[in-house]
Structure formats: C-alpha cells, structure tokens
Amino acid sequence: MNWPWPRRNPDSTHHSLRPLRRGLILFYITLMAAGVAMLLWVTSRDYQQALDEAERQNLSLARSLDEHATRTFVSVEQAMQNIIENLEGLGGVDKADEYLTYLLLRDKVKLAPQVRGIIAIDSHGRIQSHGLEYPTRRVDLSDRSYYRYHQQFPDLRPQIQLPVVSRTDGKWLIPVTRRINRPDGSFGGILLAGVEPNYFLDFYQSLKLAPSMRIQLLRSDGVIILNYPFDEVHIGQNVRNADPTLFERHRLKRTTVFRQNDPASNRDELVAFHASQGELPLIVTVSIDEDTVLGKFRENLFTRAVITIALMLVVTVLFYLLLRQLRRIEQIEGRLHLTQFTVDESPDAVLWSDRFGNIRYANRSASRITHYTPDDMLGLRFADLFPNIGEAQWHELWGRLKQERQLVQMTHQRDRYGQLLPVEITLAHIEFNNEAYTCATVRDITERQNTERELRRHRDHLQDLVLERTAEIRTVLDASPLAIMLSVKGTIRLVNPAFEKLFGFTSGAIIGQPMSLIHADQADYQEAGQQMLQKVQQGEVFRGEMALFRRDLSEFWAMLYAKALDPDDADKGVICVIEDVTAQRIAAQALRQSERLKRTIIDTTADGFILLDASGRIVEINQSFSRLLGYRREDALGHSPEVLWGDQAARVFPPDLASRIGAGNHIEEVILRASTGELLPFLVNSAAINDEHQQLEYAFAFLTNIGRLKEFERNLVEAKDAAESANVAKSAFLANMSHELRTPMHAILSFSEMGLSKVGRTEPVNLARYFERINSSGNRLLVLLNDLLDMSRLEANRMQYDKSRYCIQQTMQVAINEINPLLSGKRLDLEADEQTPALFAVYDKTRVMQVIVNLLSNAIKFSPVGSSISVDYLADARIGDGQPAIGISVRDHGPGIPPDELELIFDKFIQSSRMRTTGGTGLGLAISRQIMEDHGGKVFAANHADGGAVFTLLLPADRGAN
C-alpha cells in the first residue's frame, strides 16, 4: 500500500498558498482603486460637459432673444416713422386733426401685433389722439419722465422708456417714444408706441423653457424693461447698481457667461449675458438654476455610482469566497499533516492490513514494540504478530468488521524474539482509494492487568472492613429510639427497628422500595427532595417538616433530618432521621389559631389598640389606631406615648397602672392629638399585664373615638335649646294671637253694642262711624285668619297657584294703590323707580302682590312719620345657581334689623326684637318666603349702609319678554 500523503515533519509550516493569497489581496485593492478612480474621472468629465453644454445653450438662447427683441423694436420704429413724418408735416401734434390722426394710428396698430397702442401727445403733455379710441380722453402725461426728456432735449432718436402702467387701460406697456419738431425746430409733441409685454412673454412661453430659467430684457444702462416669468416688482429696477464695475465689464465683453447666487432663492445660477451689437441699446440675460443644469448629470452619477458599488460588492463577495476557500484548503492540509504526525507518533501500535491479512502500514510504535524494522513489518502477515488469530479467525473477523465496522479483541502479541505480550486490539473497517483495510490499534495491557489484580485484592479487604463497620452501625441503629433510614439514589436500603415500629413495615418489605412510598403528597415530596438534595450536597443537614404515610395509610406529621454520607457524592447515600411530631404540631397549630384569632379581633375592632413593653415603648398598634390618629405603624413603633401625646400620655397609661391588677381597668375620657395636629376626643380603657413576679411586663389600651357621641350630645343640646325656643315662640304667638283676636273682636262687640243702644237716638253720622269701626276690625280679624289659613296650606303643601306672565311694575302699582291710605296716614312719600323698562315674569299675581303688600306694610310700620320709602326694580339679578332673575327692593328709613335676626325673622311666629311694640302674628314674612320659594325665587332682608332695612324680592326672569 502506498501511504496517501508524503511523510513530512509536522513542525514545518505550510506557506504554499500564502503568496497566492497576498497576490489576490493586492489585485483586489488595485481593482477597487482603479474603479474608484475611473468613477471620479468620468464624473468630473460629465460635470464639466454639463456646464459647458448649458453655457452654449444659454448663449445661443440669449442671442436669439436679442435678435427677436431687436426686430420687434425696429418694426415698432418703422411703424412710427410714417406717422412722425405726417405729424411734422402738419406742424406738430397740436395742429393735427384728431380724427384723421386716430385713423392713421389705428391702421398702424392693426399692422403691428407687438404694439398695443400708439398715442400722440401734444406739446402740453396731454393725449391728442389714441389709436384705440375716439374721441380721445385728454389724459395728462406731462409728469412722465419721457415727456420732460423730449421737451428739454432735441434728440430725434426713438427712446425705449421705463415700463409703465397705462393710464388709459391700466395695463403694463413698454413705451417707445420719439420727439416731434415743428418746422422751426421747436418742440411739437411726442409720438408714443406702447409695446405689448405679453408679446414677448407669449413668445418666451412658446419656447418651452425649463421652469427654473429666467430671462431679463435690459436697457444698456441696466434698467429692467421686461422679465420672464413676469414679476412687476423688479420692472424698472437697475441691476447695474448692485456692482457697476462688474456690469460694465460684462457689457464691454458683449457676450459672456458667469455664475452668481440668487438672493431670492439662495441658489447658484448660470447666467448668460449678451449685449446687442445693433443700434438699439438692449441687453439680454438668461439665467438658469445650477440644480436644473446638473439634474441629468446627477441622475447619471447616481446610476453610475449604484452600478459601480454593485459591481464592487459582487467582486468583494467573490473575492471573499475565494479567500475563504483558500483558507479551508490550508486548514484541510494542516489537519492532514497533523493526522499523519499523530498516527506516526502514537504510543500505541497502529497497523493497516488488507483483506488477506498482509500488513500494509505500521507506525513507529509498532516497530518499537515488535522489534521489527519498518521494512520488515511490511513483509509480515497479521497472524505472524498475533498467533491466536489464525487464518480462519482472520476471515471471521473480516466478515464481522464489514457489518459492525469496529471490534475490540483481547489477545497476545508476539515480537521478533518470540515473546508474548498481552494486548487489546481495536479493529476498524476502513475504505480508501476503492480498497478495504483493517486498521488495528494495539495497546499493551500488561500494566492494566497488574492494576486490576491489585484492585481486586483491595476490594476484598474493603469488603471485610465494610462488613465489620456495618455490624457496628447496625447495633447503633437498633438501639436508637428514633426512626433511621439509609437512602441511596431515592431507594430505601436500610432501616432500624424504630422505623419498622413507626411505619408498620418490616425491613424486608420496605428495603428496595422508593422513598416516595412513605410520603403522603408526591408534589410536596418532589419539592422537598430537591431542597434536601441541595442541602446535603453542600455538606449541611437538611431539616424539614412533612406529612408521611404508615403502612395502614394513616397520615402523620414528622420532622425529617438528612445528611449525606459523602457531601461530594450524594449518590453514595443519605442518612435520614425521622421523628413523629404530630402531637407537637397539633399543639402549635392550636396556639397559632388562638394567636391569629386574637390578632384578627384586635385588627378588625373599630377601636384603636396600643401595646407597650416594660420600658414604656410602643411594640404594637392595630389598623384602627393608624386610621383614627393618622400615625403610621413604622412611625409609632419603638417610641414612647409621650412622643405622640406629651402630658396626655399619662392619662392613657397612669403611673399606678401596674398596681391596679384586680381593681378593674383604667377608664377615662381624654383629648389626644392626631398626626395632623387635630385634637380628638377618646374614651380610654387601659390595663397592665404583669409577669410571675408581679412586675410590669406589658401595658395596653383600647381607644374609642367618641367624636360622634360628642357631636350627638351637642346636637341633642342644640335640639333641646331649639325646642325650648320654639316653646317660648309658641307661647309668645299664642299670647299675641289672643291679643290680636281679642282686640278686633272686642271692638266689634263694643261698637255694635253702642250702635244698638243708640239706634233712633243719635245722628246717622255717628252710626256710620260705628259701622266703619266694626268693618275695620272685621277686616283686621279676616287678615289674621287668612294668614293662619295660608300658613296651614303652605305647611300641608296644598297651596294652589294660578301662574301667568305679568309685568312686575304693574303688580307693584296695584299694591301701592292698595296701601296708599296707610302711606297717607303717616305722611310717607313712596319713591318708585320709573326709568327701568318693563320687567316680565311668570307668577301668581295675587300671591306675589300679597308678598309685596306685606313688604310695603312692614316698611310703613317702621318708617318715621314724614319720611320716605324707596322702591327699586332689579333688571339683571341672579338666583343661587346663576339663573337670571328680576326683582324689587323696598327700603325704609326705620331702625333697621339686628344682624343676628336677618334670617330669624322669616321663621314662623318670630318677630324682630324691634317689632314687638307694633303687634302682629309673625307669619307674614314666613308666608312670603314660602310663596317665593314655590315660585323658584327668593326674598331676603339686609340693612342699608345709611340706615333702615332693605327687603329684596327675586323671581325667575322671562327673558323672551324682557
């Protein structure tokens, strides 16, 4: 067999592909640089070509536009020439016939499309004839600059004037003027031809120019006479003023191209400047935005750049793939050399044999072990080295290798001197260059066999030691009162008698069973098993409480302690000690339930709870304490009550509290400060808890918020006072009513008795006076009864109203008429506001008039004799929630109302302290307020700053009528 690669020293480096890789990198860099340079050169060339082409086009366009403008103005001059000769022949414009001149001008205008109109101006500056109208309006043009110029200078050349807005039709035109002389050479007028700017603009529009291209038609002095696109703002401006020297330089060159920045758009422009070489002093500039000029160039540049970058990316990807392939070839070649070196220098003998058992390859170790030279090895057969593998065995191995691909065989190897060596042969089936081989790796196992014999001896010795130690451990386990179990990989391997007694299993029945058999909950067992494994692997003791099963499936709680025999290898076993804690758990659970119940009661009670330790520090508060006083738990714990309440703390926890055991709790009402600083009333119930030596161990207090109780107490006191006041008012009312009823009744009876006794014996005048007194007393009694009846109806909510829309001034006037006798009786003046417009509202006229009469009556009662009463109308008032309202205010000049009685006087049976001498039931104002409230209005009283009382009545306004 020929070895597939030459034998080389693996320490030598392989540089065969490195020069090629470096050459490829250099070629790639050169290619990329050439591509970038070519792109830059083509870009620069196209950029310059684009600018040159734009300059040529702009210059060509400027010359064409100059020729067009020159022909236009020349044709205008020719059209004017015949007219000028005719007018000069007549002796000037002043002597020309208007109509004949109009006909001549009209015909010339029709023949010249670029001329909008031709006018003849007399020597005084007025239009004498117009080619577009007859008769001609005498428009004065003497203020035009061209008039003054031709009047002063005898220049007979046509002049292109500044564009102006025509005073005849209001449109822009370019005036071309010519002086007309009289026969004696004096000034005889002006002939003006108005060139139509649209003539040029339409022509420029027909050229289909780029949107950014601008054209300016200038006079030789730099004045703009036309621009495109047309912008009247720049018409008449002088571009020469910006830089006179530069303008003159361009004008002397006649034709030039330059760049400038447009101030309006702040963009660079390419400008073609062309000065006319003819007689007419015209200049044409054509400018175009550089972005437009370079638009096509930039599109081509972008396309070219994209293509170049794409090609560079393709070349880069191909170059990267090529370099990666070269790198892979180098790696494969390196691995081949490493494999060859590994096989040659392997400490084990490596042999390759063909199917007939002939050795085709042997490494150095094979020659060293068998003492054959490499050349001698290639002449041997496989059976020559391994006498136990004869011809038949070889063919059997070959067949098995073709199926299993790899075999391991223990046998002996014979060296050159006939000595046998125990070896382990690893045989592998290999196909290379369309031939099959057996690769045998031969390893000397002499040392391994010696080691195995020594290990067997030590194993037997250790087994004896283990049996001795096991007997000792077994004695300890049997004597332990606690259940002990040995678990290996989750399987029970050993239990003691205490375990058998606790669980009800015999050792034969439980050993070999999984630990999960004695666990009540498999999910808890999995979780506890993970925790136990983590603990014992750290060398620590696991301690956990869990529910276990006995053999009879009865459940109990146990405390399990576990520790690994070897913390570094928990699989060697875990010792578990199990203690039945069912009784302790039941007792602890009962204790926890009792504590939880007490804690729940304290937390859910509405009273605040505070607990102090022996040092007087707060150790516990409940949620109600925080809610009532606003102190957070973390702010209160650890502090003394004096920090919270100062001296008041001694009233919550008296110093002798510990000595009151058996004498009852300390109960007291105290005022405590909340966290907000607010003082709150509490009922304190505090007590002490002493230890077995009767020393204070804890002190506690329950705080009951009695703020609501205090409020109820105040309300009860106020209600009692109100009831007593009502009783007094009732008594006063009954006394008043008895007096008020008795007085008119007594008058009725007295005067009727007098009348009866004097019938027929006295004058009728006296009887009429008696009847008048009886009628007056009866009316007074009727008023009292009506007030009582109205009040009863209002309290029963049975008062009926007939509402409609009325004018409040008219209602007031009716009320004034009704009480006019009372006004006259006290000589009172009633001052009513007559300036306010009529005010309307929807109300019951009778009831509202009753209220007004009551207010006026009260004002009359308290007004001094000979004083006045003021009535004002309120047109823009508001009720409560901002609702629009109208109203009446009645002011008297009496003693006024005490401030504390302004609302009290509207209660039933209540009269002002200043009204008691005047009599009355005290129902009038109460009835008035109820009537106004039923109408959605209000009535209230106030004192005027200058004295007297003011009563105001408000009703919802009817805005549709006001």
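You'll find the structure just up there.
The structure presented is a predicted model; accordingly, all values stated were derived computationally and were not measured.

### Observations concerning the overall build of the chain
- A tally of helices and strands in the chain yields 25 helices and 33 strands.
- Taken across its 962 residues, the chain has 39% of its residues classed as buried.
- Considering only residue pairs separated by 6 or more positions, the chain has 54% of its internal contacts joining residues 24 or more positions apart.
- Summed over its atoms, the accessible surface of the chain is roughly 54,600 Å², and 54% of this surface lies on carbon and sulfur atoms.

### Details of the sheet that holds strand 21 (residues 574–580)
- The five strands are arranged 18-17-21-20-19 in an open sheet whose pairing can be described as antiparallel. The open sheet is flanked by strand 18 (491–495) and strand 19 (542–549), the only strands paired with a single partner. This sheet shows a mean twist of 35° between the axes of neighbouring strands, independent of strand direction.

### Brief notes about the pattern of salt bridges
- If you walk through the whole model with that rule in mind, you get 35 salt bridges.
- For R56, the salt bridge is made with E53, and the minimal N-O distance between the two is 2.4 Å. Of this pair, R56 and E53 both sit in helix 1 (residues 18–89), three residues apart, roughly one helical turn.
- For E53, a relative accessible area of 34% corresponds to the partly exposed category.
- Residue D580 is joined to R550 by a salt bridge in which the shortest nitrogen-to-oxygen separation is 3.5 Å. Placement of D580 in strand 21 and of R550 in the loop between strand 19 and strand 20 (555–564) is noted, with a sequence separation of 30 residues between them.
- The exposure class assigned to R550 is partly exposed, which follows from its relative accessible area of 23%.
- One salt-bridge network, held together by shared partners, links R45, D46 and R304.

### Describing helix 23 (residues 808–825)
- With 18 residues, helix 23 should reach 26 Å at 1.5 Å per residue; the first-to-last C-alpha distance of 26 Å fits that figure.
- Of all the positions in helix 23, only I808, Q809, T811, M812, A815, I816, I819 and L823 are classed as buried.

### Examining the layout of surface pockets
- Its boundaries defined by the atoms lining it, the second largest pocket holds a volume of some 800 Å³.
- Of all the secondary structure elements, the ones that give two or more residues to the lining of the second largest pocket are strand 7 (214–219), strand 8 (224–228), helix 5 (244–253), strand 9 (255–262), strand 10 (267–275) and strand 11 (282–289).
- When residues of the lining of the second largest pocket are assigned to their parent elements, the largest contribution, five residues, is made by strand 9.
- Among the residues making up the lining of the second largest pocket, the classes are represented as 14 nonpolar, 10 polar and six charged.

### Considering a nonpolar patch on the surface
- Judged by side-chain polarity, V314, V317, L318, Y320 and L321 come together as a nonpolar surface patch covering roughly 470 Å² of accessible area.
- Residue placement: L321 occurs in helix 7 (residues 295–345).
- Judged by its relative accessible area of 37%, L321 is partly exposed.

### Structural notes on the sheet that holds strand 8
- Spatially, five strands are ordered 8-7-11-10-9 in an open sheet, and the strand pairing comes out antiparallel. The open sheet terminates on both sides in strands that have one partner only, identified here as strand 8 and strand 9. The mean angle between the axes of side-by-side strands here comes to 20°, regardless of whether they run parallel or antiparallel.
- With six bridges connecting them, strand 7 and strand 11 associate as antiparallel partners. Following the sheet pairing, L217 is matched in strand 11 by V284.
- Contacting strand 7, strand 8, strand 9, strand 10 and strand 11, helix 1 runs over the sheet at an angle of about 145° to strand 11.
- Lying over the sheet, helix 4 (residues 197–206) contacts strand 7 and strand 8, oriented at roughly 35° with respect to strand 8.

### Structural notes on the packing of aromatic side chains
- The final tally for this structure, using the stated rule, is 25 aromatic pairs.
- With a centroid separation of 5.8 Å and 75° between ring planes, the pair formed by Y147 and F187 is classed as edge-to-face. Placement of Y147 in helix 3 (residues 145–152) and of F187 in strand 6 (residues 187–195) is noted, with a sequence separation of 40 residues between them.
- Among the residues examined, Y147 registers a relative accessible area of 5% and is labelled buried.
- F187 sits in the buried class, given a relative accessible area of 10%.

### Section: the side chain of S353
- With respect to the helices and strands, the residue S353 is situated in strand 12 (residues 349–353).
- Leaving out residues up to four positions away in the same chain, S353 has contacts with N358, I359, R360, F382, W394, W398, Y437 and T438.

### Digging into empty space enclosed by the protein
- Across all of its chains, the model carries four cavities of 30 Å³ or more by this definition.
- Every residue lining the largest cavity is counted, 19 residues in all, and those nearest its centre are I119, S166, T168, L173 and L192.
- For the lining of the largest cavity, the secondary structure elements donating two or more residues are strand 1 (115–121), strand 2 (127–130), strand 4 (164–165), strand 5 (172–181) and strand 6.
- Take the lining of the largest cavity: its biggest share by element is three residues, from strand 1.

### With respect to the nonpolar core
- Counting residues in each nonpolar core, the largest one holds 49 residues, and the members touching the most others are F73, L87, I118, L191, F200, L217 and V286.
- Considering each element in turn, this core owes the most residues, 14 residues, to helix 1.

### Some points on the packing of helix 24 (residues 845–862) against helix 25 (residues 924–934)
- As a packed pair, helix 24 and helix 25 sit with axes 10 Å apart at the nearest point and diverge in direction by 145°. As helix 24 packs across helix 25, the resulting crossing turns out to be left-handed. Contacts from R847, Q850, V851, N854, L855 and N858 of helix 24 reach helix 25 at G924, L925, I927, S928, I931 and M932.
- Class assignment of the residues belonging to the contact of helix 24 with helix 25 gives a composition of six nonpolar, five polar and one charged.

### Considering helix 24
- The first and last C-alpha atoms of helix 24 sit 26 Å apart over 18 residues, in line with the 26 Å expected at 1.5 Å per residue.
- Two or three places before T846, at the opening of helix 24, D844 has a side-chain oxygen 3.1 Å from that residue's backbone nitrogen.

### Digging into the environment of E668
- Within the fold, E668 resides in strand 24 (residues 666–673).
- With relative accessibility at 23%, the residue E668 sits in the partly exposed group.
- Sequence separation between E668 and F682 is 14 residues, and the spatial gap between their C-alpha atoms is 8.4 Å.
- Other than its neighbours up to four places away in sequence, E668 contacts R651, F682, L683 and V684.
- Engagement of the side chain of E668 in a polar contact is seen with the side chain of R651, the distance being 2.7 Å.
- A polar side-chain atom of E668 sits 3.1 Å from a polar atom in the side chain of H666.

### Remarks on the pairing of strand 25 (residues 679–690)
- The pairing of strand 24 with strand 25 spans eight bridges and is classified as antiparallel. By the bridge assignment for strand 25, I667 is matched with N685.
- Linkage of strand 24 to strand 25, two consecutive antiparallel strands, is achieved through a turn of five residues, within which G677 is found at a positive phi near 90°.
- Sheet analysis places strand 25 next to strand 26 (residues 696–705), joined by nine bridges and oriented antiparallel. Pairing of A687 across the sheet is with F700, part of strand 26.
- Here strand 25 folds back onto strand 26, and the loop between the two strands holds five residues, one of which, Q694, carries a positive phi near 60°.

Definitions and limits used
- Residues numbered from 1 in each chain as written.
- Predicted model: local features only at pLDDT ≥ 70, side-chain atom pairs only at ≥ 80, totals over all residues.
- Heavy atoms only, no water.
- Helix = DSSP H or I, 4+ residues; strand = E, 2+ residues; numbered from the N terminus.
- Buried < 20%, exposed > 50% of the residue type's maximum accessible area, 1.4 Å probe, protein only.
- Contact = heavy atoms within 4.5 Å.
- Areas by Shrake-Rupley, 256 points an atom, 1.4 Å probe, with all protein chains shown as cover.
- Pairing = 2+ DSSP bridges.
- Axes fitted to C-alpha atoms, helices over the stretch in contact; angles between N-to-C directions.
- Salt bridge = Lys/Arg side-chain N within 4 Å of Asp/Glu carboxyl O.
- Expected span 1.5 Å × (residues − 1).
- 1 Å grid on protein atoms, 1.4 Å probe; cavity = no way out; pocket = protein on both sides within 12 Å on 5 of 7 lines; lining within 4 Å.
- Points joined across faces, edges and corners; volume = space filled by probe spheres on them.
- Nonpolar A, V, L, I, M, F, W, Y, C, P; charged D, E, K, R; others polar.
- Patch = residues over 30% accessible without salt bridge, like charges linked within 9 Å, V, L, I, M, F, W, Y side chains within 5 Å.
- Phe/Tyr/Trp six-rings, centres within 6.5 Å; stacked < 30°, edge-to-face > 60°.
- Core = buried A, V, L, I, M, F, W, Y, C linked by side-chain atoms within 4.5 Å.
- Left-handed = near helix turned anticlockwise from the far one by under 90°.
- Polar contact = N/O pair within 3.5 Å; in protein donor to acceptor, adjacent residues only side chain to side chain.

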